[in-house]
Each structure stands twice: as C-alpha cells, then as structure tokens.
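Here are the chains, one letter per residue:
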Amino acid sequence: MLYNGLARYEDAFAAAAEALEDPYELWLSPWATVELIEAASRTGRTDAATAALERLAEGTSASGTVWGVAIEDRSRALLSRGAVAEALYRHAIDRLAPTALRLDLARTHLLYGEWLRRERRHVDARQQLQAAHDLFTAFGMEGFAERARVELRATGGHARLPAAVTGHDLTAQEAQISQLVAQGRTNLEIAAKLFISPSTVEYHLHKVFRKLGVKSRTQLARRLLETSPSALRRA
C-alpha cells in the first residue's frame, strides 16, 4: 500500500507478490491482491492483473459485502476501458460513499480521477482528485495525498489547502504538520506518520511558526482552533 501510495508501482508489485507467496495466508490475501492488481495495471502486467482479479472475484462474489463488491468493481475498472470502466468506478464510489470505508472511497476517487485525466476530461478529473486529496490529507496519508496533488497539477488545477491555513502560503506538508502538532502529536509521531525524519518535521515547523506568527505549539493549536475547529480532529 505504501509503495502504491508513492506511485512506486514496480516496488508495490514485488511487495504484493511476495505477500501472496504463502498459499495459506488467507487473512492478508484479499488486501495484497488488491494492491497487486493496481500495481500490475500500472506496470503493463496485464496477465498478472487479470489472474489476480479472477482470484479476488472468487472471494468478493462469495462474501457479498459492500467492501467486496466495491473493491471488485474498482479493480475491474483498472483493467477496463471506456464506458465500462467509468460505470465500474462510479458504482464503486456509490457503494462506498454511505459507509465508513473512507480510505477505500478516497482511493477510488483517486483512481477514477487518474482515469478521467487520461481520458482528457480535466474538469471531471479535478473534482475526483480534489475529493481524494481532501480525504488523504485528513487521514495524514502524505504519499497518497501527494499522488493526488501531482495528478491535480497535471489537469491544470491545484490542491486546496485546509481552510485554517489558507492565506498564509503554507505548503501542503506544512499544513499537514501544523494539524498534527495541533492534535498533540510529537515530532517523532509525526515523522513516523508522514514517513519523514524528525529533523524534517522540526525544519517545517520552524517555517510554520514564522509564517503564522506564532512562537509555540500551544499558540499554533490555538490559531487553528480559532480559524477551523475541524482541523484538530484526529485522522
């Protein structure tokens, strides 16, 4: 999942394939298979992706769960074209939207947005990619958020910053670090969550203090609370 989030699809494929080597590992298999299908579809491994989709469908069709149906549709959309692909993406989003499966919803928005961009439907793509970026930013999933941001830029758009920090010229990473600091996270916790070093967190935090005109973590939290209470919700 990490490698797919970072758009390192070769590494994602290798990791997923390794996870699936044990035929008796039934608990991990569905999740690893989903990651493998996405990575395979991005690296031209159509045969591998198709075979994995057949294995996935055996379980999802038998389970009949919302997750199973939606993820099968999303995975099948990766290997489809035209109106068929679009119908599958939209069906997956419609299934996931009313549920608490927000991560899967965000990933479906992202994949649908990427597909729309390749279809040169940039306005439609921006809507999906912005929805994905907003969710990933709220979750603190920096890799996936960056992937959505890059795709947005390719459509001619740009990712919106959280309302609490707009007007202060914070970067997306500075905004995310600000929210996590305001939630009471330590630099070590933030570094682990965003896959960066504690020194990088400290570097960005100094820049945030300067841009927002605050001198402490407490003042930063108060500033975010005053401008956007929702910014302090834990991902």
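Within each chain, residues carry numbers counting from 1 in the order of the written sequence. A pLDDT threshold of at least 70 governs which residues receive local features in this predicted model, and a stricter bar of 80 or more applies before side-chain atom pairs are shown or counted, although totals over entire chains, interfaces and linings include all residues. Side-chain metrics rest on all non-hydrogen atoms present in the structure, leaving aside hydrogens and water.

1. Remarks on the overall build of the protein
Helix numbering and strand numbering both begin at the N terminus, where a helix is a DSSP run of H or I of at least 4 residues and a strand a DSSP run of E of at least 2. Secondary structure assignment for the protein yields 13 helices and zero strands. Helices (α) and strands (β) of the protein occur, in sequence order from the N terminus, as α-α-α-α-α-α-α-α-α-α-α-α-α. Working definition: with a 1.4 Å probe on protein chains only, accessible area under 20% of the residue-type maximum means buried, over 50% means exposed, and in between means partly exposed. The buried share of the protein, reckoned over its 235 residues, is 45%. Here a residue-residue contact requires only that any non-hydrogen atoms of the pair lie within 4.5 Å. Partitioning the contacts of the protein with sequence separation of at least 6, the portion at a separation of at least 24 is 55%. Using a 1.4 Å probe, accessible areas were evaluated by the Shrake-Rupley method; residue-level cover was limited to the displayed protein chains. Carbon together with sulfur atoms contributes 54% to the accessible area of the protein, which is approximately 12,000 Å² in total.

2. Here's the deal with a nonpolar patch on the surface
A patch consists of residues whose relative accessible area exceeds 30% and which take part in no salt bridge; residues with like charges are grouped when within 9 Å of each other, and nonpolar side chains (Val, Leu, Ile, Met, Phe, Trp, Tyr) when within 5 Å. Salt bridges are defined as contacts in which a side-chain nitrogen from Lys or Arg sits within 4 Å of a carboxyl oxygen from Asp or Glu. Residues Leu2, Tyr3, Leu6 and Phe195 make up a contiguous nonpolar surface patch of about 380 Å² in total accessible area. Mapped onto the elements of the fold, Tyr3 is located in helix H1 (residues 2-5). What makes Tyr3 partly exposed here is its relative accessible area of 30%.

3. Re the packing of helix H10 (residues 172-182) against helix H12 (residues 198-212)
Where H10 meets H12, the axes come as close as 9 Å, and the angle between the chain directions of the two elements is 90°. Judged by the angle between their axes, H10 and H12 are roughly perpendicular. Contacts between H10 and H12 involve Gln173, Glu174, Ile177, Ser178 and Val181 from the former and Val201, His204, Leu205, Lys207, Val208 and Lys211 from the latter. Axis definition: a line fitted to C-alpha atoms, over the contacting stretch in the case of helices. Angles run 0 to 180 degrees between N-to-C directions. Relative orientations are named as follows: roughly parallel for angles under 35 degrees, roughly antiparallel for angles over 145 degrees, roughly perpendicular for angles from 65 to 115 degrees, and oblique for any other angle.

4. Description of the packing of aromatic side chains
Stacked, tilted and edge-to-face pairs are distinguished by plane angle, under 30 degrees for stacked and over 60 for edge-to-face with tilted covering the rest, among Phe, Tyr and Trp rings (Trp via its six-membered ring) whose centres lie within 6.5 Å. Applying the stated rule across the entire model yields five aromatic pairs. Considering the side-chain rings of Trp31 and Trp67, the 5.7 Å spacing of their centres and the 40° angle between planes classify their relative orientation as tilted. Here the residue Trp31 occupies a position in helix H3 (residues 29-42), and Trp67 occupies one in helix H5 (residues 66-78), the gap between them amounting to 36 residues. Note on Trp31: relative accessible area 42%, which makes it partly exposed. Considering the side-chain rings of Phe136 and Phe144, the 5.0 Å spacing of their centres and the 20° angle between planes classify their relative orientation as stacked. Phe144 shares its class with Phe136; the two are buried. Through a chain of ring-to-ring contacts, the aromatic side chains of Tyr89, Tyr112 and Trp115 assemble into a single cluster. Charge-over-ring contacts are defined here by two conditions on Lys NZ or Arg CZ: a distance within 6 Å of the ring centre and an angle within 35 degrees of the ring normal. Here Arg45 stacks its cationic end above the ring of Phe13, 4.1 Å away from the centre of that ring.

5. A short note on the environment of Ser199
Tracing the backbone shows Ser199 in helix H12. Considering only alpha carbons, one finds Ser199 and Leu188, eleven residues apart in sequence, at a separation of 9.2 Å. For the purposes of these results, a polar contact is taken to be a pair of N or O atoms within 3.5 Å, where, inside protein, one atom must be able to donate a hydrogen and its partner to accept one; residues adjacent in sequence count only when each atom of the pair is a side-chain atom. Looking at Ser199, its side chain comes within polar contact range of the side chain of Ser197, at 3.0 Å.

6. Quick word on the pattern of salt bridges
Considering all chains together, one arrives at 15 salt bridges under this definition. Ionic pairing is found between Glu174 and Lys207, a salt bridge with its closest N-O pair at 3.3 Å. On the criterion of sequence distance, the pair formed by Glu174 in helix H10 and Lys207 in helix H12 is long-range, its members being 33 residues apart. Via salt bridges that share partners, Glu35, Glu38, Arg42, Arg107, Glu114 and Arg147 belong to a single interconnected network.

What is shown is where atoms sit, not what they do.
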